[in-house]
Amino acid sequence: MDSITEVKTTNAPKPLPVFPQAIKANGMVFVSGNIGLDPTSWALVGEDIKSQTEQTLKNIKAVLEAAGSDFTKIVKLNVYLKSYADFAAMNEVYITHFGEVKPARTCVAVLELPLGAIVEMECIALCPEA
């Protein structure tokens, strides 16, 4: 049966009212863009790429877990960087969150990100139906 369910967790930053943290549909979870915000203070965690990448991935992990999924089930992840100069340092943190099989990925540099962030990520993962 086709169904679309909103995913919500207090372990990741609350989204703006115009989009959800994620949507579950037909065995997949579509995680909205995340930046390196602390979920309780809504402040960016650090000004450097490694700190913000780590927090961004923690936020994605929390949303995936709320959906019943995890990093091993991510099939596609998009990365948006404020500067390609941060590419190598972002990858140093990114690689520690994935095993041998990594998701398909796109990484692009963009002009601006929300709240002055320097990295944003979104993903699509498999999500077993409950």
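The coordinates are above.
Visitor: Describe the sheet that holds strand E1 (residues 4-7), listing the residues and the values that go with them.
Guide: Strand order in the open sheet made by the six strands is E1-E2-E3-E6-E4-E5, with mixed pairing throughout. Here the strands that pair on one side only, and so sit at the sheet edges, are E1 and strand E5 (104-109). Averaged over all adjacent pairs, the angle separating strand axes in this sheet is 15°, with direction ignored. Note: strand E3 (residues 28-34) against strand E6 (residues 119-126), five bridges, orientation antiparallel. The residue bridging Asn-34 from the neighbouring strand is Met-121, located in E6.

Visitor: Describe in detail the pairing of E6, supporting the description with residues and values.
Guide: Both faces of the sheet carry side chains from a regular strand, because those side chains alternate between them. Direction of pairing for strand E4 (residues 74-81) relative to E6: antiparallel, over a ladder of seven bridges. Note that in E6 the partner of Ile-74 across the bridge is Ala-125.

About the criteria used
- Residues numbered from 1 in each chain as written.
- Predicted model: local features only at pLDDT ≥ 70, side-chain atom pairs only at ≥ 80, totals over all residues.
- Heavy atoms only, no water.
- Pairing = 2+ DSSP bridges.
- Helix = DSSP H or I, 4+ residues; strand = E, 2+ residues; numbered from the N terminus.
- Axes fitted to C-alpha atoms, helices over the stretch in contact; angles between N-to-C directions.

Worth remembering: the numbers are spatial, not functional.
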